[in-house]
Amino acid sequence: MMDNFWIWAKPRLAVDKKLWITYCIVYFAWGMGMNWVGQQLEIARFTFWWQVITCYILYMVPISLLLRGLPFHQQYAYGLVAMGLLEFGGYALETSYAYPDNLLDHLFNERNFSLGMALFFALYFPLGNALVSKIYGLFFGK
């Protein structure tokens, strides 16, 4: 089964190095920005700043590359699974911190906090792929 996955995944990950770098720059900036916003609004934050690298670059960039080219709804659906696992793990391991009584707790209640975060952040995959495609096309052509 894993052999079939690697047969499918390997060519999707074997892209131009400039595309990898574009993804890494965009997602790193996006991750730092979202971590900052989460802190300023006292919603949630990473325990350590470098988790932006592990989550956004080492986790989300390869997933984005795997989902690239799929229709929006498929990228979102697969992204929802990926972000659900990430959100669950982050809060279960306490490597992410949700501020008590935060804005999202008030809107959706605290039992729905992680679900709300996963539903929101799953949009990163289709939106991130579209953004990186535009930036890459602008700088390097297609």
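So, here is what we can say about the structure in this document.

1. A short note on the packing of aromatic side chains
The geometry of an aromatic ring pair comes down to the distance between the two centres and the angle between the two planes. For the structure on display, the rule yields 14 aromatic pairs. Consider the rings of Phe120 and Phe121, whose centres lie 4.9 Å apart with planes at 80°: the pair is edge-to-face. For Phe121, a relative accessible area of 10% puts it in the buried group. Here a set of aromatic residues connected by ring pairs shows up, and it is made of Tyr23, Tyr27, Trp30, Phe46, Tyr56, Phe120, Phe121 and Tyr124.

2. Structural notes on a nonpolar patch on the surface
Among the surface-exposed residues, Met32, Phe48, Trp49, Trp50, Ile53 and Leu58 lie close enough to one another that they form a single nonpolar patch of about 620 Å² accessible area. Take Trp49: it is sitting in the loop between strand E1 (44–46) and helix H3 (51–67).

3. As for the nonpolar core
In terms of nonpolar packing, the biggest core is built from 28 residues, with Tyr27 and Tyr56 touching the most fellow members. Among the secondary structure elements, those contributing two or more residues to this core are helix H2 (17–40), E1, H3, helix H4 (72–92), helix H6 (113–121) and helix H7 (124–140). Among the elements that make up this core, the one with the highest residue count is H3 (8 residues). With sequence-adjacent residues up to four places away left out, Tyr56 is seen in contact with Tyr27, Trp30, Gly31, Met34, Phe46, Gln51, Val61, Phe121 and Tyr124.

4. Some remarks on the environment of Leu70
Examined against the element boundaries, Leu70 turns out to sit in the loop between H3 and H4. Given a relative accessible area of 23%, Leu70 falls into the partly exposed group. Remark: the alpha-carbon pair of Leu70 and Pro126, spanning 56 residues in sequence, is separated by 8.6 Å. Those residues in contact with Leu70 that sit more than four places away from it in its chain are Arg12, Gln75 and Tyr78.

5. Points about the packing of helix H1 (residues 2–13) against H3
Where H1 meets H3, the axes come as close as 8 Å, and the angle between the chain directions of the two elements is 100°. The angle between H1 and H3 places the two elements in the roughly perpendicular class. Residues Phe5, Trp8, Ala9, Arg12 and Leu13 of H1 lie in contact with H3, whose contacting residues are Pro62, Leu65, Leu66 and Leu67. In terms of residue class, the contact of H1 with H3 is built from 8 nonpolar, no polar and 1 charged.

6. Remarks on H1
In an α-helix there are 3.6 residues to a turn, and that puts residues three or four apart on one side. The terminal C-alpha atoms of H1 lie 16 Å apart, and with 12 residues this matches the ideal 16 Å at 1.5 Å per residue to within 8%. Within H1, only 1 of the 12 residues are buried, leaving the element largely exposed.

7. A short note on the environment of Asp105
Among the structural elements, Asp105 can be located in helix H5 (residues 103–108). Among the residues examined, Asp105 registers a relative accessible area of 13% and is labelled buried. Between the C-alpha atom of Asp105 and that of Gly116, which follows or precedes it by 11 residues, the distance is 9.6 Å. Not counting residues within four places of it along the chain, the set of residues in contact with Asp105 comprises Tyr99, Pro100, Glu110 and Phe113.

8. Overview of the side chain of Glu87
Note that Glu87 resides in helix H4. Notably, Glu87 is buried but unbridged: the nearest opposite-charge side chain belongs to Arg45, and the N-O separation is 13 Å. Those residues in contact with Glu87 that lie beyond four places of it in its chain are Ser114, Met117, Ala118 and Phe121.

What counts, and where the lines are drawn
- In this convention, every chain numbers its residues from 1, walking through the sequence in written order.
- Per-residue local features of the predicted model are confined to residues with pLDDT of at least 70, and side-chain atom pairs are confined, for both listing and counting, to 80 or more; whole-chain, interface and lining totals are unaffected and use all residues.
- Side-chain metrics rest on all non-hydrogen atoms present in the structure, leaving aside hydrogens and water.
- The aromatic pairing rule takes the rings of Phe, Tyr and Trp, using the six-membered ring of Trp, and pairs them if the centres are within 6.5 Å, calling planes under 30 degrees apart stacked, those over 60 edge-to-face and the rest tilted.
- Categorising residues by exposure relies on relative accessible area from a 1.4 Å probe, with only protein chains included: less than 20% of the type maximum marks a residue as buried, more than 50% marks it as exposed, and the intermediate range marks it as partly exposed.
- Patch definition: residues with relative accessible area over 30% and no salt bridge; like charges joined within 9 Å; nonpolar side chains (Val, Leu, Ile, Met, Phe, Trp, Tyr) joined within 5 Å.
- Only the protein chains shown count as cover for residues, and the accessible areas themselves come from Shrake-Rupley with a 1.4 Å probe.
- Here a salt bridge means any side-chain nitrogen of Lys or Arg lying within 4 Å of a carboxyl oxygen belonging to Asp or Glu.
- Runs of E in the DSSP output that reach at least two residues are strands. Runs of H or I that reach at least four are helices, and both are numbered from the N terminus.
- Buried Ala, Val, Leu, Ile, Met, Phe, Trp, Tyr and Cys residues form a nonpolar core when they are joined through side-chain atoms within 4.5 Å.
- By definition in these notes, contact holds between two residues if any of their heavy atoms fall within 4.5 Å.
- Orientation is described by lines fitted to C-alpha atoms, with helices fitted over the stretch in contact, and by angles between N-to-C directions that extend from 0 to 180 degrees.
- Relative orientations are named as follows: roughly parallel for angles under 35 degrees, roughly antiparallel for angles over 145 degrees, roughly perpendicular for angles from 65 to 115 degrees, and oblique for any other angle.
- Classification used: nonpolar for Ala, Val, Leu, Ile, Met, Phe, Trp, Tyr, Cys and Pro, charged for Asp, Glu, Lys and Arg, polar for all others including Gly.
- Multiplying 1.5 Å by the residue count of a helix minus one yields the expected span of that helix.
- In this tally Asp and Glu are treated as negative and Lys and Arg as positive; neither His nor the chain ends contributes.

Distances and angles like these do not, on their own, reveal function.
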